Amino acid sequence: MASETLRDFIGDLDREGELARVKARVNSVLEIAEISDRISKSPSPHGHKELDRSPAGNLGGKALLFENVDGSDIPVAINTFGSYYRVNKALGTDNLTALAERVQQLVKPEIPATLIEKMKRLPDLIKMAGFPPKSVRTGICQQVVHEGNNADLTRLPVIQCWPLDGDLTSGQVFDKAAAEKAATTQSGTGRYITLAGIHTRNPETGDRNIGMYRVQLFGPRKCAMHWHLHHDGARHCRLWQKRGEKMPLAIALGGESVMPYAATAPLPPGIEELLFAGFLNGRGIELVKCRTIDLEVPANSEIVIEGYVDPTERLLEGPFGDHTGFYSLADWYPAFHVTAITHRKDPIYPTTIVGKPPMEDYFLGKATERIFLPLLKMLIPDILDYSLPISGVFHNCAFVKIRKEYPYQARRVMHAIWGAGQMAFTKYIVVVDEHVNVHDEQDVLFHLFSNCDPQRDTEVVHGPVDILDHASPDLGAGSKMGFDATVKLPAEGRVRQWPKELEMDARTKELVTRRWKEYGF
Ligand SMILES: Cc1cc2nc3c(=O)[nH]c(=O)nc-3n(C[C@H](O)[C@H](O)[C@H](O)COP(=O)(O)O)c2cc1C
Ligand SMILES: [Mn+2]
C-alpha cells in the first residue's frame, strides 16, 4: 500500500533502514543540495529488482530528513523517491513492471475503433476502476492557517540548489539587458520550491490539473511559476488570460505518497492527475476546499500555499540548475501571489534537487517509463519495449524495441513517437530489433553503430523540442533524429546481403555449461 501522508511514508522508510536523520544544523542554501547530491550517487540499501542495467540501477542512497535547518523550525525531507526501492514503495508496489501490469489491465477492456476514442476513454476507465477523488470537510493540511499578511514563505525552509540559481548577474540569462534592469528592480531569490504539486483548473471545462513545476521565491508572498509552454499549467494560464481573469492556484506539498509522482506523470491534457493518483493509491484522494481561493487540494498535504496568478504580470524567472546538468537561462514567467499558507501541526517540508543524473528525478522518470509502457503500446502497437537511458536525461533519447515485420516500420514508429504526448520532444530515437536489450545501453549502441548507414538509416525531422534543450536553434523548436538500427529489408533503400549476428549454437553452449567444472577455472 502507498502511504497516506508524507509523515507516514518517512516513518515507514525509517523502519526499513531507508532513512537517514541529520541532526547537525545545516544551511538551506546549497549545503542540503550538496549533501543530497552525494547521497543520491551512493549505493542504495535495498538494491533493486528492475530491468535497469545502467550503473544508476543500484544507486540512490537513503532518503534524508534534515531536522535542524537554519532559519526555519520545519524539517526538510529530500531524496524520498530517489531509488527504485523507494519509488516503488511510494507507489505501493513491489516493482514497476507489476504496476505496469495493473495499468495494462486498466486499458485492456474492449478496444474501441480509433486512437482518439481510446484516449478519450481513459478517464472513464480510471473512474470505473473506482478511485475518483472525494471531497471532505476537514483535512490535516488546514490545522494551522495563515491568511493575508500572516502568510510568509520565508518561514519555510525553501532551499537553494545550485550556486548561480536566481542570479541575474551571472550571465545565465536569455536577455542580458532585461536581466540587468530586473537585477536592480525585481530580482528573485535563489530559493525554489521543487517538489510541489501545482493545482490549477481549466476555466472552460472545469478540468483540474496537477503538474510539478518549480516555483522561485521573490518575496514573502510573491513567486514566479515555471511551467513550460507545452504543459497543462501554462495552457490553463493562457485560458485565464484570454478571459482577462486572475487564475486561482494552489501549491500542495506532501500528501499521499503517490501525489508527487502523479504530479510528474505525463497524462494527456484533460485527464486528471487526481484520478490517476487515486488509481495508484488504491483509494480516491480526499480533497478539502482551499480557504481563500476556489480550488480543492489533497486534505493530507503537509503544507498548502494558496494564491493566484496574474496572467498579465511577468517576472524574470531563473537561472536554475536543471535536470539536464546545465543551468536553464532566466526568462519571463508569470507571477504568483500568495493569499494563504495552511499546514498541519509540525509539518515536514519535502523538496528535491535536480542536476546531473542520477538524482531523485531519475527514479520518478523511470517509474513513468514503466507505467506508461502499456499506454504507449496502445497508441503504437509496434512497440514491444523502450528505455529512456540515463545519459539522455529523458527527453534527449529513447531506445525503442520493435518486432520488425515490414519495410520502414522503424520510421513509422519514430514518427508516431514524435506525435505522442510528451514523448514528442524526444531528440534522438534509436529503434532496434526484438533480440536487443533496450535496458542495456551497450547492447543498443552496439547495434546502432553496426547496423546503421548514416545516410540511409537516419531520419531528421523538425518540430517542437523540450524547453530545456539548450542546443536547439530556438527555444522549444528544433530538429530531432531517428536511427533505424534494425536489420534492413530489401525495400529500405540500397541494401546488400545482410550478415547474421554471431551466436554459439545451443548444443555447444549446453556442453560447455555441463562440463564447466571439468575445465578447472
Ligand atoms: C523534479 C521535477 C521538476 C520539474 N520541474 C518542472 C518545471 O519547473 N516546469 C515544468 O514545466 N515541468 C517540470 N517538470 C516536468 C513536469 O512535472 C511533467 O512534465 C508533468 O507531466 C507536467 O504535467 P502537465 O502535463 O499536467 O503539465 C518537473 C518534473 C520533475 C520530476
Ligand atoms: Mn496534466
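**Description of the coordination of the manganese ion (ligand 2)**
- The coordination sphere of the manganese ion (ligand 2) contains the protein donors Asn 209 (OD1), Asp 232 (OD) and Glu 273 (OE), at a distance range of 2.1 to 2.2 Å.
- Taken in sequence order, the residues that donate to the manganese ion (ligand 2) follow the motif N-x22-D-x40-E. Of this pair, Asn 209 sits in strand β8 (residues 208-211) while Glu 273 sits in helix α9 (residues 273-281); the two residues are 64 residues apart in sequence, bridging distant segments of the chain. In terms of burial, Asn 209 and Glu 273 fall into one category: buried.

**Focus on empty space enclosed by the protein**
- Applying the stated criterion across every chain yields a total of six cavities of 30 Å³ or more.
- In this structure, the largest cavity spans a volume of roughly 140 Å³.
- Elements that contribute at least two residues to the lining of the largest cavity include exactly α4 (96-107) and α10 (360-371).
- It is α10 that provides the largest number of residues to the lining of the largest cavity, a total of four residues.
- Looking at the second largest cavity, its volume works out to about 80 Å³.
- What lines the second largest cavity is a set of 15 residues, and nearest its centre among them are Gly 197, Ala 252, Gly 254, Met 259 and Pro 260.
- Mapped onto the lining of the second largest cavity, the elements with two or more residues apiece are β7 (197-201), β11 (247-254) and α8 (259-264).

**Thoughts on the pattern of salt bridges**
- Using the criterion set out here, one finds 33 salt bridges in the structure.
- Note that Lys 366 is salt-bridged to Glu 369, the shortest N-O span being 2.6 Å. Highlighted residues: Lys 366 and Glu 369, both in helix α10, separated by three residues, approximately one helical turn. Each member of the pair, Lys 366 together with Glu 369, is buried.
- Salt bridges sharing common partners tie together Asp 14, Arg 21, Lys 23 and Glu 67.

**What about the nonpolar core?**
- Formed by 70 residues in total, the largest nonpolar core has its most connected members in Leu 91, Tyr 261, Phe 276, Ile 371, Phe 372 and Val 400.
- Residues within four places of Ile 371 in sequence aside, it is in contact with Leu 91, Leu 99, Ala 100, Val 103, Tyr 261 and Phe 276.
- Counting residues in each nonpolar core, the second largest holds 44 residues, with Trp 240, Ile 251, Ile 353 and Met 359 among its members.

**Observations concerning the layout of surface pockets**
- What the largest pocket holds in volume is close to 1,500 Å³.
- Those elements that place two or more of their residues in the lining of the largest pocket are β8, α8, α10 and α11 (373-379).
- In terms of residue count, α10 provides more of the lining of the largest pocket than any other element does, four residues in total.
- Taken together, the residues of the lining of the largest pocket sort by class into 26 nonpolar, 17 polar and six charged.
- The volume enclosed by the second largest pocket comes to roughly 380 Å³.
- For the second largest pocket, the lining is made up of 15 residues, of which Ser 450, Asn 451, Gln 497, Trp 498 and Pro 499 are closest to its centre.
- Per-element accounting of the lining of the second largest pocket gives the leading share, four residues, to helix α13 (residues 441-451).

**Looking at the site of ligand 1**
- If you check the shell around ligand 1, you find 20 residues, and the closest are Met 212, Tyr 213, His 226, His 231 and Asp 232.
- The backbone of Met 212 places a nitrogen or oxygen atom 2.7 Å from an oxygen atom of ligand 1.
- Between ligand 1 and the protein, one listed contact pairs an oxygen atom with a backbone N or O atom of Arg 214 at 2.9 Å.
- In the complex, the protein chains occlude 87% of the 640 Å² of accessible area that ligand 1 would expose alone.
- Among the elements of the structure, β8, α7 (232-243) and α8 are those that each provide at least two residues to the shell around ligand 1.
- The element contributing the most residues to the shell around ligand 1 is β8, with three residues.
- Considering only residue class, the shell around ligand 1 consists of eight nonpolar, nine polar and three charged.

**A closer look at the sheet that holds strand β13 (residues 296-298)**
- Strands sit in the order β4-β12-β13 across an open sheet of three strands; the sheet is mixed. Each edge of the open sheet carries a strand with a single partner, namely β4 (134-135) and β13.
- Pairing of β4 with strand β12 (residues 286-289), which is carried by two bridges, proceeds in the parallel orientation. Note that in β12 the partner of Ser 135 across the bridge is Leu 287.

**A word on helix α12 (residues 409-417)**
- Looking only at α12, the buried set comprises Gln 409, Ala 410, Arg 411, Val 413, Met 414 and Ile 417.
- Those residues of α12 that are buried lie in contact with β19 (383-387), β20 (397-402), β21 (428-432), α14 (454-457), β22 (458-464) and β23 (477-484).

**Focus: α9**
- With nine of nine residues buried, α9 is to be regarded as a mostly interior element.
- When α9 is considered as a whole, its buried residues turn out to be Glu 273, Leu 274, Leu 275, Phe 276, Ala 277, Gly 278, Phe 279, Leu 280 and Asn 281.
- Just past α9, the residue Gly 282 takes up positive phi, approximately 75°.

**Comments concerning the pairing of β21**
- For β21, a buried count of four out of five residues is recorded, marking the element as mostly surrounded by other parts of the structure.
- For β20 and β21, the ladder comprises five bridges, and the chain directions are parallel. Counted as the bridge partner of Phe 399 is Val 430 from β21.
- Note that β21 and β23 share four bridges and pair parallel. From the neighbouring strand, Val 431 faces β23, where its bridge partner is Asp 484.

Criteria and thresholds
Residues numbered from 1 in each chain as written. Chains lettered and ligands numbered in written order. Predicted model: local features only at pLDDT ≥ 70, side-chain atom pairs only at ≥ 80, totals over all residues. Heavy atoms only, no water. Donors = N, O, S within 2.8 Å, 3.2 Å for Na, K, Ca; no water. Helix = DSSP H or I, 4+ residues; strand = E, 2+ residues; numbered from the N terminus. Buried < 20%, exposed > 50% of the residue type's maximum accessible area, 1.4 Å probe, protein only. 1 Å grid on protein atoms, 1.4 Å probe; cavity = no way out; pocket = protein on both sides within 12 Å on 5 of 7 lines; lining within 4 Å. Points joined across faces, edges and corners; volume = space filled by probe spheres on them. Salt bridge = Lys/Arg side-chain N within 4 Å of Asp/Glu carboxyl O. Core = buried A, V, L, I, M, F, W, Y, C linked by side-chain atoms within 4.5 Å. Contact = heavy atoms within 4.5 Å. Nonpolar A, V, L, I, M, F, W, Y, C, P; charged D, E, K, R; others polar. Near = heavy atom within 4 Å. Polar contact = N/O pair within 3.5 Å; in protein donor to acceptor, adjacent residues only side chain to side chain. Areas by Shrake-Rupley, 256 points an atom, 1.4 Å probe, with all protein chains shown as cover. Pairing = 2+ DSSP bridges.

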